[in-house]
Amino acid sequence: MRLIRSMRVFHRAKRGLAAVEFAMLLPVMITLFFGVVETSAALSCRAQVTSIAATVADHVAQSSVTSQNDLQNVFNAGNTILYPYYDPAKGKTTKPDIAIASIVDNGSGAANGNKLSGRVAWVCYQGTAPSGLSVGSTVTFDQPLMTQNGSIIYAEARYTYASPTSKMIAGSIQMSNKFYSKPRRVAQIPAPAACPSP
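So, how was this worked out
- Residues numbered from 1 in each chain as written.
- Predicted model: local features only at pLDDT ≥ 70, side-chain atom pairs only at ≥ 80, totals over all residues.
- Heavy atoms only, no water.
- Helix = DSSP H or I, 4+ residues; strand = E, 2+ residues; numbered from the N terminus.
- Expected span 1.5 Å × (residues − 1).
- Buried < 20%, exposed > 50% of the residue type's maximum accessible area, 1.4 Å probe, protein only.
- Arc of directions from axis to C-beta.
- Contact = heavy atoms within 4.5 Å.
- Phe/Tyr/Trp six-rings, centres within 6.5 Å; stacked < 30°, edge-to-face > 60°.
- Axes fitted to C-alpha atoms, helices over the stretch in contact; angles between N-to-C directions.
- Parallel < 35°, antiparallel > 145°, perpendicular 65-115°, else oblique.
- Left-handed = near helix turned anticlockwise from the far one by under 90°.
- Nonpolar A, V, L, I, M, F, W, Y, C, P; charged D, E, K, R; others polar.
- Salt bridge = Lys/Arg side-chain N within 4 Å of Asp/Glu carboxyl O.

J.: Would you mind going over helix H3 (residues 68-81) with me for this structure?
T.: An α-helix turns once every 3.6 residues. As a result, residues three or four positions apart point the same way. The end-to-end C-alpha distance of H3, which contains 14 residues, comes to 20 Å, matching closely the 20 Å that a straight helix rising 1.5 Å per residue would cover. Turning to H3, its buried residues number three or more, namely Leu-71, Val-74, Phe-75, Gly-78 and Asn-79. Angularly, the buried residues of H3 cover 145 degrees about the axis, an arc narrow enough to put them on a single face. Away from its buried face by more than 90 degrees, H3 exposes Asn-69 and Thr-80. Summarising the contacts, the buried residues of H3 are in contact with helix H2 (17-61), strand S1 (97-104) and strand S2 (117-126).

Right, here's the structure in full:
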């Protein structure tokens, strides 16, 4: 008899079990939700940084000459790709760092057949100057990209991603990507008369 009463009490007590389980799982569910949202936003920004590098290199490689206005328009296009992370209308004014350089054959690649290096003929950038990329410096490629008397257009995009949640937990995330493109119309694109102001 006592066992039957105990079973009835236990059966009635199960009605609040769902509320207790929900209260225990709620913090985990909220953490998972914000984790998915933050990861998606960070991956989206990372894809846009990659797109900036590819677009900038491709645009410059399609021209036969470049001017200060042309490069400024390319930088502006790169900034637009980063929307909504760069949106001056909403107070998000941190532009991506973008570097564009022409790397020309320095003779070493053609001479020994590996074509893995070149010399920086000119470089223009928006934001912070790229490290190790100055006029006259040697650039080594991971693959044999350089042709004899040819050139490569190099573009690099960098952005510091920070969302309110990731700032509190992990801080900001540095995102960067590089892209190489061969000029389409000429062997080497001449340097612009002046670079846009960084």
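J.: I would appreciate a short explanation of the environment of Leu-71 in the present structure.
T.: With respect to the helices, strands and loops of the structure, Leu-71 is situated in helix H3. Measuring from C-alpha to C-alpha, the distance between Leu-71 and Cys-124 comes to 8.2 Å, with 53 residues separating the pair along the chain. In this view, Leu-71 contacts Val-60, Thr-66, Ile-100, Trp-122, Cys-124, Pro-192 and Pro-196; residues no more than four positions away in its chain are not counted.

J.: Mind showing me how you'd approach the packing of aromatic side chains here?
T.: In this description, a pair of aromatic rings is defined by centroid distance and the angle of the planes. All chains considered together, the criterion is met by four aromatic pairs. Measuring from ring centre to ring centre gives 5.5 Å for Phe-33 and Phe-34, while their planes differ by 70 degrees; the resulting arrangement is edge-to-face. By relative accessible area, Phe-34 is classed as partly exposed at 42%. When the ring of Tyr-85 is compared with that of Tyr-161, the centres are 5.8 Å apart and the planes differ by 80 degrees; the resulting orientation is edge-to-face. A residue pair is termed long-range when its members are at least 10 positions apart, and Tyr-85 in the loop between H3 and S1 and Tyr-161 in strand S4 (residues 151-161) qualify at 76 residues. Take Tyr-85 and Tyr-161: they sit in the same class, and that class is buried. Aromatic rings pair up to connect Phe-141, Tyr-154 and Tyr-180 into one cluster.

J.: Whenever I open this one, the packing of H2 against H3 confuses me. Can you help?
T.: Each pair of packed helices can be described by the angle between their axes along with the distance between the axes. One way to put it is that H2 packs onto H3 with a least axis distance of 9 Å and a crossing angle of 160 degrees. Taken together, H2 and H3 sit at an angle that is classed as roughly antiparallel. Between H2 and H3 lies a crossing of right-handed hand. Across the interface between the two elements, Gln-48, Ser-51, Ile-52, Thr-55, Val-56, His-59 and Val-60 from H2 touch Leu-71, Val-74, Gly-78 and Ile-81 from H3. Looking at side-chain class alone, the contact of H2 with H3 contains six nonpolar, five polar and no charged residues.

J.: Honestly, the pattern of salt bridges in this entry has me stumped. Any pointers?
T.: Side chains that differ in sign of charge can pair as their charged atoms come close. For the coordinates displayed, the defined rule picks out three salt bridges. In this structure, the salt-bridge partner of Arg-158 is Asp-97, at a minimum N-O distance of 3.7 Å. Taken as a pair, Arg-158 in strand S4 and Asp-97 in strand S1 lie far apart in primary sequence, 61 residues in all. Asp-97 matches Arg-158 in its accessibility class, with the two residues each being buried. Between Arg-158 and Glu-156 there is a salt bridge, with the nearest N and O atoms lying 3.4 Å from each other. The two residues Arg-158 and Glu-156 agree in class, both being buried. A single salt-bridge network, built from bridges that share partners, covers Asp-97, Glu-156 and Arg-158.

None of this, on its own, says anything about what the molecule does.
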